[in-house]
Structures are given as C-alpha cells and as structure tokens.
Amino acid sequence: MNRNILNLYFIMGSQNCGNADPLHVLESALKGGISCFQFREKGEGARQGEDYIKYARSCQNLCKKYGVPFIVNDDVRLAEELQADGVHVGQDDELAQHVRVRMPGKILGVSVHTSEEVVSAIQAGADYIGVGPIYETKSKADAKPAAGLSFLTKIVTEYPELPIVGIGGITIENAKRVIEAGADGVSIISAISQAEDVQGTVKQLLNIVK
Ligand code: 3NM
C-alpha cells in the first residue's frame, strides 16, 4: 500500500453532516484534495437498507471520479458487493484476519489502542493502523479516553515500516503535532464534515500534513 494515501484521510457518514447534503460535503472534500475516504454510515441517523447501499454507491462513484480510494468501515459484505478498495475494522468488528482472507488484495485498516492490538493487527496482515483517539472526540459514542501523542510516538518508533494514521479530535490547530509525532497522516470526521468551508478546510489541512 502507498502510505501517502493516509495523508489526509476523511471519514464520514450522513450522520456527521448536520443539515448539509453528505454527497455535497464529500465532493467538496474530494475537490479540496483528500487522499482517502472511509464510508462510515453508523449510529443515530444512519441510512438503512436499500437507501444505505444506494448512498454507499454514490459515495464510491464520487471517489472514483477523483481517483481517491474508497474504504468501507466495518461492513465487509458491503465492501465485497461494491468491490471497495478496502475495509477498516475496529476491535469490536469482524476479526481482521478473517477480513484479510475475505478481501485479498484489498486495503485492510485496523483501529488500535494498545501495543497488543498493534501486534495482532500486524499478524492479521493489516496494511495500516489507525491510532486513537489522540484528542477528545464527539464523533464516536464509545471512544476511549484521549491518549495524547505518547502512544502514537511509541508505536511509530517501534514499527517504522508500518503505515500509521492518527485519529480523534484532529483539527487545523493540532494536525501538525500528529504529523510531527511521526504519523503518515490524519484521519478526520468532524473538523471536515462540519466545516463551513469544507474545500478550504481540506486545502489548509493538506498544507499542514504534506
Ligand atoms: N475512531 P473526529 S476516534 C471513528 O479512537 C473514530 O479509534 C476513533 O472523529 C478511535 O475527527 C473516532 O470528529 C472519531 O474526532 C473521530
């Protein structure tokens, strides 16, 4: 996997966009230059059934138009059906080693919060890991307490070859610190999905992370 795709990794579901049209938010982020997109349609307000699949396909088509990888959060069946570029799983989702077998040749990302989880993710064949939450987040109801940069720094030092993206509460104000700590990139929901000027915010973030 080209680790540069992690540089500015936008995660979004329609539940993260307030009153804005999520497809408009996504296209603005793509125009701004995000390097990767994760479809994470879950929680209160998330679409269901046919609407969910149709909306996922629309997001995927937009990503294709801009040549940006389309990664599905958690839902391996959806990823298979859409032939997504990859899947991202957390510790409570389907086991990473099972996903690896189901999705050969696709990008596999795993969220980790401890050293043991990093080892398991590597053994499972993860292409990259997401380390968080670095800062406090309101976008994940069951998020762990903010860990700051110390755990990220430790993992970056121990596994220099492993592509790593930081996540949780990352904004224009603090993104530079995450990159300076050694992450390949930043994963962001709210600082992009709820920005007044999505495209401009993405451009500013890109200047920081590149
Ligand atoms: N995973 P925001 S934190 C989806 O720690 C997710 O694994 C996390 O949203 C983890 O950029 C998080 O709005 C939410 O803080 C990130």
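- Named according to an unreviewed UniProt entry, the protein chain is Thiamine-phosphate synthase originating from Psychrobacillus vulpis.
- Reading the Pathway (unreviewed entry) entry of the UniProt record for the protein chain gives the comment "Cofactor biosynthesis; thiamine diphosphate biosynthesis; thiamine phosphate from 4-amino-2-methyl-5-diphosphomethylpyrimidine and 4-methyl-5-(2-phosphoethyl)-thiazole: step 1/1."
- The heading Sequence similarities (unreviewed entry) in the UniProt record of the protein chain holds the text "Belongs to the thiamine-phosphate synthase family."

## A short note on the pattern of salt bridges
Here is step 1 of the chain: In this structure the tally under the stated criterion is 11 salt bridges.
Here is step 2 of the chain: Between Lys 154 and Glu 158 there is a salt bridge, and its shortest N-O distance comes to 3.0 Å. Here the residue Lys 154 and the residue Glu 158 both occupy positions in helix H6 (residues 150-158), the gap between them amounting to 4 residues, near one helical turn.
Here is step 3 of the chain: Its relative accessible area of 36% is what places Lys 154 among the partly exposed residues.
Here is step 4 of the chain: For Glu 158, a relative accessible area of 42% puts it in the partly exposed group.

## Comments concerning the environment of Cys 36
Here is step 1 of the chain: Along the chain, Cys 36 falls in strand S2 (residues 36-39).
Here is step 2 of the chain: A residue is classified by how much of its surface remains accessible, and Cys 36, at 1% relative accessible area, is buried.
Here is step 3 of the chain: Spatially, the C-alpha atom of Cys 36 lies 5.5 Å from that of Val 68, the residues being 32 residues apart in sequence.
Here is step 4 of the chain: Setting aside its immediate chain neighbours within four residues, Cys 36 contacts Ile 5, Leu 8, Tyr 9, Phe 10, Val 68, Pro 69 and Ile 71.

## Some details on the UniProt feature "binding site: Mg(2+)" (unreviewed entry) in the protein chain
Here is step 1 of the chain: The positions UniProt marks with the feature "binding site: Mg(2+)" (unreviewed entry) are Asp 74 and Asp 93. Annotated residues spanning 20 residues; largest pairwise C-alpha distance 6.1 Å, indicating a single compact cluster. In the annotation above, Asp 93 are the residues that line the largest pocket.
Here is step 2 of the chain: When near neighbours in sequence (up to four residues on either side) are disregarded, Asp 74 contacts Lys 42, Val 87, His 88, Val 89 and Asp 93.
Here is step 3 of the chain: Structurally, Asp 93 is set in the loop between strand S4 (86-89) and helix H4 (96-102).
Here is step 4 of the chain: Not counting residues within four places of it along the chain, the set of residues in contact with Asp 93 comprises Lys 42 and Asp 74.
Here is step 5 of the chain: One polar contact links the side chain of Asp 93 to the main-chain amide nitrogen of Gly 90, over a distance of 2.7 Å.

How each quantity is defined
- Residues numbered from 1 in each chain as written.
- Predicted model: local features only at pLDDT ≥ 70, side-chain atom pairs only at ≥ 80, totals over all residues.
- Heavy atoms only, no water.
- UniProt positions renumbered as here; feature names shortened; annotations may be inferred.
- Salt bridge = Lys/Arg side-chain N within 4 Å of Asp/Glu carboxyl O.
- Helix = DSSP H or I, 4+ residues; strand = E, 2+ residues; numbered from the N terminus.
- Buried < 20%, exposed > 50% of the residue type's maximum accessible area, 1.4 Å probe, protein only.
- Contact = heavy atoms within 4.5 Å.
- 1 Å grid on protein atoms, 1.4 Å probe; cavity = no way out; pocket = protein on both sides within 12 Å on 5 of 7 lines; lining within 4 Å.
- Polar contact = N/O pair within 3.5 Å; in protein donor to acceptor, adjacent residues only side chain to side chain.

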